[in-house]
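Examining the three-dimensional arrangement
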Amino acid sequence: MDRKLKILLLASEMSPLAKSGGLADVTAALAIHLKRRGHDVRVVLPFYRCTHERVHQVNVELTSMCVRMAEGEEWCAVLHACLDGEVPVYLIEHDHFFDRDGLYHDDNMQDYGDNPRRFGFFARAALQLCMDLGFAPDIVHANDWQTALVSAYLKVWFWNQGELGRAASVLTLHNLAYQGVYPTDHYGYLGLGLDNFQPSIFEDHGLINFLKGGIHFADVVNTVSPTYARECLEPGGGFGLAPYLTDKGDRFRGILNGADYQVWTPEHDPLISAHFKAGDLVGKALCKREMQRAFLLEEDPNICVVALIGRLVEQKGFQLVSEAIHAILRDMEVQFVILGTGDQHLSHHFGTLPARYPGRVGSFIGFNDELAHRIEAGADFLIMPSLFEPCGLNQIYSLRYGTLPIVRATGGLDDTVDQYDERTGEGTGFKFWQPTPRAVYDTVGWAVSTWYDRPAHIDRMRSRAMRKDFSWERSILDYEELYDQALRVKSDYDRHSRG
Ligand code: ADP
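Here goes a summary of the coordinates provided.

What counts, and where the lines are drawn
Residues numbered from 1 in each chain as written. Predicted model: local features only at pLDDT ≥ 70, side-chain atom pairs only at ≥ 80, totals over all residues. Heavy atoms only, no water. Near = heavy atom within 4 Å. Polar contact = N/O pair within 3.5 Å; in protein donor to acceptor, adjacent residues only side chain to side chain. Areas by Shrake-Rupley, 256 points an atom, 1.4 Å probe, with all protein chains shown as cover. Helix = DSSP H or I, 4+ residues; strand = E, 2+ residues; numbered from the N terminus. Salt bridge = Lys/Arg side-chain N within 4 Å of Asp/Glu carboxyl O. Buried < 20%, exposed > 50% of the residue type's maximum accessible area, 1.4 Å probe, protein only. Disulfide = S-S within 2.5 Å. Pairing = 2+ DSSP bridges. Right-handed = clockwise from strand over helix to strand, strands pointing away. Axes fitted to C-alpha atoms, helices over the stretch in contact; angles between N-to-C directions. Parallel < 35°, antiparallel > 145°, perpendicular 65-115°, else oblique. Left-handed = near helix turned anticlockwise from the far one by under 90°. Contact = heavy atoms within 4.5 Å. Nonpolar A, V, L, I, M, F, W, Y, C, P; charged D, E, K, R; others polar.

Before going further, it helps to examine the site of the ligand. The immediate surroundings of the ligand are formed by 19 residues, with Gly22, Arg311, Lys316, Gly366 and Asn368 found nearest. Contact distances for the ligand include 2.6 Å between an oxygen atom and a backbone N or O atom of glycine 22. One of the side-chain nitrogen or oxygen atoms of aspartate 25 is found 3.1 Å away from an oxygen atom of the ligand. Calculation on the ligand without its partners gives an accessible area of 560 Å², and the protein chains cover 94% of this total. Looking at the shell around the ligand, the elements that each hand over two or more residues are helix 1 (22-36), strand 13 (304-312), strand 14 (334-342), helix 14 (369-378) and helix 15 (394-400).

Rendered as structure tokens:
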């Protein structure tokens, strides 16, 4: 695309200012790469408590901004920070909504009851900010349910606001399992009109569904891998949203996430103890020893290590590992390193394994970015047995670190990992299909036996994996094409609706 666009990118997370999962990394990478393509991209984020601690330099953009919600005015301030020294980031400061310990839920994983108001306000505030700054974006790009309402606000409230009303909206679905479904008593506050509270738009079995309404109003919608996009359209797919995504026709597609190789690369990752690259893995051996030491494992380069990193939630399928791990440890010469946080039962289970298997299992229950890097660098395999996976970033990172993925062939995991062929040694990882502990056991066994019995294959797979290119430079061109389509769709819509 030659045309340079003005893009307003809205998200509820962005690394390093606020992160609970992959969305944060994707938002940052998308912003930086769009900027590098010459677009005028500006990000809007809530100013969370954790953001206070992580932001280095911040200026006041607006000391006060009035956001009119249907039940009255909300007042906030807007701060201005910078991402990577080049992308403007506007932080919406509304302490009552955002000055809390968690992004979406409290310490007991209970959703904040006022989430629909927090994020409804946020979406509406982002457009108010455009008005107050005189910034008229060509594209308003929302991500997930938290910001999905912005496409509705554009068409319901801002359609007659000059250039801003002509902005096209794009909605990226990072995970259909989270739709923002809430009781109707919040609907009045949002001010989206009773006309829009119907089953094809916001109504969902008597509740409000933010994502469903967002999909309806967005000019184009995408998700984060081609295979996940296909899975979402299958009958019963997309957690009930398949019919609405089907209705979008060619205005719904999958674009594979890229990885930010500035941050995730073993050649110059500042968080790991030694650097390495394809063809020269001396540093990886040092990282493995350092990781074994840090996790109190037996320091032995000749024992293979399987890592598990991620949110301990049902989607990730880690309960399958928790069921299979005893038989794996009984039958195989293998160590485990576990890093995760989430579900209490799984946290307890994984947290107590080191005491049951001293020297063979190490775990850290919590969120720790540095450890994630050290594990990616030091482990031999990374297991991701997800029940579904829109894209998945960890397996893409692990390919770059020569840590071969063991994955269930679903969504983006299927798109990014090539199955090992033991006749030829081709492939970059080990895939299975059945979501069962047995399949986990068998596939870990397959990987481990390959590690011991066919080391030449492992070497070749590593070198192939490390050379795989999932950089944003490629995916960003697909996003430009998506923006182009959004502009065409929106201008047709404006022509028809305005006569
Ligand atoms: P999701 O977005 O569903 O959580 P992804 O694989 O797309 O899954 O992205 C997960 C990201 O979050 C990766 O950058 C991963 O390293 C990071 N991550 C997840 N859990 C933890 C944790 N406990 N500590 C540190 N980083 C974590």
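Still to come is the rest of the account.
Quick look at the pattern of salt bridges now. For the structure shown, the criterion picks out 27 salt bridges. Aspartate 25 is the salt-bridge partner of lysine 19, the closest N and O atoms lying 2.8 Å from each other. With a relative accessible area of 22%, lysine 19 lands in the partly exposed category. Taking relative accessible area as the criterion, aspartate 25 reaches 14% and is therefore assigned buried. Two residues, arginine 495 and aspartate 492, come together in a salt bridge whose shortest N-O distance is 2.5 Å.

To continue, consider the state of the cysteines. The final tally for this structure, using the stated rule, is zero disulfides. Considering cysteine sulfurs only, cysteine 130 is the nearest to cysteine 82, which forms no disulfide, with 17 Å between them. The closest cysteine sulfur to the non-disulfide-bonded cysteine 130 is located on cysteine 76, 13 Å from its own sulfur. Owing to a relative accessible area of 3%, cysteine 130 belongs among the buried residues under this scheme.

Moving on, we come to the pairing of strand 15 (residues 361-365). Where strand 14 meets strand 15, five bridges bridge the pair, whose relative direction is parallel. Paired with isoleucine 338 across the bridge in strand 15 is serine 363. The parallel pair strand 14 and strand 15 is bridged by helix 13 (residues 344-356), and the resulting crossover is right-handed.

Take unusual backbone geometry next. In the segment running from serine 15 into proline 16, the intervening peptide bond is cis, with an omega of -5°. Following the sequence through the fold, proline 16 ends up in the loop between strand 1 (6-10) and helix 1. We note that phenylalanine 239 has phi near 45°; this positive angle belongs to a residue other than glycine. Relative to the helices and strands, phenylalanine 239 resides in the loop between helix 9 (226-233) and helix 10 (242-247). Note on phenylalanine 239: relative accessible area 48%, which makes it partly exposed.

Mapped onto the elements of the fold, threonine 436 is located in the loop between strand 18 (430-432) and helix 17 (437-453). Threonine 436 sits in the partly exposed class, given a relative accessible area of 28%. Distance from threonine 436 to glutamate 323, taken between C-alpha atoms, is 9.1 Å for residues 113 residues apart in sequence.

So, about the packing of helix 4 (residues 115-133) against helix 5 (residues 144-156). Running from amino to carboxyl end, helix 4 crosses helix 5 at an angle of 50°, the nearest separation of the two axes being 8 Å. Comparing their axes, helix 5 and helix 4 come out oblique. In the packing of helix 4 onto helix 5, the handedness of the crossing is right-handed. Each of Asn115, Phe119, Gly120, Phe122, Ala123, Arg124 and Leu127 in helix 4 lies in contact with helix 5, whose residues at this interface are Trp145, Gln146, Thr147, Leu149, Val150, Tyr153 and Leu154. For the contact of helix 4 with helix 5, the class distribution of residues is nine nonpolar, four polar and one charged.

Let us look at the side chain of threonine 428. You can see threonine 428 is positioned in the loop between helix 16 (411-416) and strand 18. Leaving out residues up to four positions away in the same chain, threonine 428 has contacts with Leu399, Leu404, Pro405, Thr416, Val417, Asp418, Met461, Arg464, Ala465 and Lys468.

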